[in-house]
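Structural characterization, general
Okay, here's what each chain looks like letter by letter:
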Amino acid sequence: MELTHLNQINFAELRFEKFDCFIAATGDQARCYHLAGLINVAVPLKYVLSPCEPEQVDTCQYLSQFLDNGFRLYSTAKNNFEVLDKLLHEICNIHTHHLNILIDYSCMPKKWYALLIDSMTRNTFATPNINLYLSYTPKVFNRQEKQASVDYIGPVLYNRDALLDRKPLSMIASLDNSRHPINEAISKVKPQRVLAFIPRCSHDPAYTQLVIDNNKTLLDRLDSNSIITYEVERPEEINSLLTSYCLEERLGSEVMIIPQGPKTFALMSMLLSTRYPDVKVWEIVAKEEKKTKAPHGQPAASPVVVKASFIDDDYDPDE
C-alpha cells in the first residue's frame with residue numbers, strides 16, 4: 001500500500017470520527033490509558049499490546065484498566081514482529097472498502113509503531129483504503145538526565161536501513177535530555193555532517209533549555225545552520241522541516257535519522273522513510289533498568305493526532 005496523505009487532526013475532532021479498530025499499548029507510564037479514557041465513541045475492535053502474558057495481569061500496571069473496558073490482550077515481546085504483523089492482517093483483511101484505525105503509540109517502543117507503519121506499506125490487504133489515526137499523549141518530562149548505558153545502536157527495524165557506505169553520511173538527530181547516547185552513535189557511524197533538532201514543548205517550555213544544557217558539548221561543535229528547533233505538538237511542521245532537510249542532504253549524502261526526542265519526531269521520521277526508503281531510521285536503546293512502581297509519565301496535554309492515509313496501488317474509488 002502507498003502512503004498518499006498526511007495531516008494533523010485536532011483532538012476534539014476525534015469524537016466525530018467512526019473508528020473500526022483501536023490499538024493501544026500498556027506500560028508503566030500513567031498516560032498509557034489516557035486516550036482510551038477520553039474516547040467515548042463505540043469501537044467494535046479494541047486491542048492492547050503488552051509484554052505481559054494473561055496470567056501476569058495483576059503484576060502489570062494499568063493493563064487491567066484496558067481489559068476491564070473491552071480491550072483484547074495481544075502479548076508480544078519488543079522484538080516479536082510476527083505478532084504485530086498478524087494483528088494487522090487480522091484487522092485489515094476484511095472485505096470492506098474503507099477502515100479507520102486509531103493507534104495510541106504514546107507508550108509503544110519505537111519498533112512497535114515502526115512495524116505497524118512498515119507492515120502497511122509492505123502488504124496488500126483485502127481493504128484497499130486504510131486511515132491510521134496515530135495519537136501521542138505528551139507527558140510531564142523527567143528533569144533527571146538519563147544515565148542508562150547503551151545496549152543497541154542500529155536500525156529501528158532489523159530487516160532494513162543498514163548503511164550502504166557509498167556516500168558521505170549525514171545524521172539528523174532529534175535530541176532529548178541525555179548527552180552520552182547520541183555522542184556514542186556519532187562515534188560509531190562517524191557522520192560527515194550532524195543536524196541537531198531541539199524540541200520545543202508548549203506544555204513544558206523549560207524542557208528546551210534542559211535539552212540544550214545537557215547537549216552543550218555537541219551543540220558547541222555545530223554551526224548555527226545545523227541546529228534546528230521544532231514544535232513537538234506540530235507534526236505537520238516536523239514533516240515539512242524533515243522533508244526539506246532530508247531532500248537537501250540526500251543529494252550528496254546518505255541520510256540517517258536518530259529520533260531521540262519526543263515520539264512525534266520519531267513518528268514523522270518513520271512516515272517520511274516510507275516515502276523515501278533511502279532515508280534510514282536508527283534508534284539508540286538503553287539497557288533495561290529496574291522498573292519503579294512510582295507513577296511517572298503523567299499526561300500533560302491533549303493528545304496530538306496525525307492521520308495517515310494508505311491506499312492500495314490498484315484501488316479505483318470509482319469502481
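Refer to the structure above for everything that follows.
This write-up is about the structure you can find in this document. (Residues numbered from 1 in each chain as written. Predicted model: local features only at pLDDT ≥ 70, side-chain atom pairs only at ≥ 80, totals over all residues. Heavy atoms only, no water.)

A word on the overall build of the protein chain. On a plain count of helices and strands, the protein chain comes out with nine helices and 13 strands. Against the compact-globule benchmark of 20 Å for 319 residues, the protein chain has a radius of gyration of 19 Å, which places it among compact chains. Taken along the three principal axes of its C-alpha coordinates, the protein chain extends 55 × 50 × 35 Å. A total of 319 residues make up the protein chain; the buried ones form 55% of that total. Taking contacts inside the protein chain between residues at least 6 apart in sequence as the whole, the part at least 24 apart equals 82%. (Helix = DSSP H or I, 4+ residues; strand = E, 2+ residues; numbered from the N terminus. Rg over C-alpha atoms; globule rule 2.2 N^0.38 Å. Buried < 20%, exposed > 50% of the residue type's maximum accessible area, 1.4 Å probe, protein only. Contact = heavy atoms within 4.5 Å.)

Time to look at the pattern of salt bridges. Taken as a whole and assessed by the stated rule, the structure comprises twelve salt bridges. With its nearest N and O atoms 3.0 Å apart, the salt bridge here joins Arg72 to Glu90. Of the two residues, Arg72 sits in strand β4 (residues 72-75) while Glu90 sits in helix α3 (residues 81-92), which places them 18 residues apart along the sequence. Look at Glu90 and you get partly exposed, because its relative accessible area is 32%. (Salt bridge = Lys/Arg side-chain N within 4 Å of Asp/Glu carboxyl O.)

Strand order in the open sheet made by the seven strands is β1-β13-β6-β5-β2-β3-β4, with mixed pairing throughout. Because the sheet does not close on itself, it has two edges, and the strands there are β1 (2-9) and β4. If you compare each strand with its neighbour and ignore which way they point, the axes differ by 20° on average. As paired elements, β1 and strand β13 (residues 304-311) share seven bridges and run antiparallel to each other. Residue pairing in the sheet places His5 in a bridge with Ser309 of β13. On top of the sheet, helix α8 (residues 235-249) reaches β1 and β13; it is set at about 130° to β1, its chief contact. (Pairing = 2+ DSSP bridges. Axes fitted to C-alpha atoms, helices over the stretch in contact; angles between N-to-C directions.)

All right, on to the packing of helix α4 (residues 110-122) against helix α9 (residues 263-275) then. Between α4 and α9, the shortest axis-to-axis distance is 10 Å and the interhelical angle comes to 25°. Taken together, the axes of α4 and α9 lie roughly parallel to each other. With respect to the hand of their crossing, α4 and α9 are arranged in right-handed fashion. Residue-level contacts link Lys110, Tyr113, Ala114, Ile117 and Thr121 of α4 to Lys263, Ala266, Leu267, Met270, Leu271 and Thr274 of α9. When the residues that make up the contact of α4 with α9 are grouped by side-chain class, the tally is seven nonpolar, two polar and two charged. (Parallel < 35°, antiparallel > 145°, perpendicular 65-115°, else oblique. Left-handed = near helix turned anticlockwise from the far one by under 90°. Nonpolar A, V, L, I, M, F, W, Y, C, P; charged D, E, K, R; others polar.)

A few words now on the environment of Leu241. Positionally, Leu241 belongs in helix α8. Separated by 102 residues in sequence, Leu241 and Lys139 place their C-alpha atoms 23 Å apart. Setting aside anything within four residues of it in sequence, one finds Leu241 in contact with Phe197, Ile228, Thr229 and Tyr230.

Taken together, the six strands give an open sheet; going across it, the order is β7-β12-β11-β8-β9-β10, and neighbouring strands pair in mixed fashion. Taken across any chain shown, the strands that pair with only one partner, and hence form the sheet edges, are β7 (150-155) and β10 (227-231). For this sheet, the mean inter-axis angle between neighbouring strands, taken without regard to orientation, is 20°. Where strand β8 (residues 169-174) and strand β9 (residues 193-200) come together, five bridges link them in parallel fashion. Within β9, the residue paired with Ala173 across the bridge is Ala196. Each of β7, β8, β9, β11 (254-259) and β12 (280-286) touches helix α5 (residues 180-189); the most contacted strand, β8, lies at about 170° to it. This element, α9, spans β8, β9, β10, β11 and β12 of the sheet and lies at about 150° to β11.

Packed helices, taken two at a time, are described by the angle between their axes plus the distance between the axes. Running from N to C, α3 and α4 point in directions that differ by 50°, and their axes come no closer than 10 Å. Relative to α4, the element α3 lies oblique. Seen along the crossing, α3 lies across α4 with a hand that is right-handed. Where α3 abuts α4, its residues Phe81, Leu84, Asp85 and Leu88 lie against Lys111, Trp112, Leu115, Leu116, Ser119, Met120 and Arg122.

In this section: α9. With 13 residues, α9 should reach 18 Å at 1.5 Å per residue; the first-to-last C-alpha distance of 19 Å fits that figure. By the burial criterion, the buried members of α9 are Lys263, Thr264, Phe265, Ala266, Leu267, Met268, Ser269, Met270, Leu271, Leu272, Ser273 and Thr274. (Expected span 1.5 Å × (residues − 1).)

Now for the pairing of strand β3 (residues 45-50). Pairing analysis gives five bridges linking strand β2 (residues 21-25) to β3, with the strands arranged parallel. The partner of Ala25 across the bridge, within β3, is Leu49. Inspection of the sheet shows β3 paired to β4 by four bridges, in the parallel sense. Across the sheet, Tyr47 pairs through a bridge with Arg72, a residue of β4.

A word on the environment of Ser75. Within the fold, Ser75 resides in strand β4. Taking the C-alpha atoms as reference points, Ser75 and Ser50, separated by 25 residues in sequence, lie 5.0 Å from one another.

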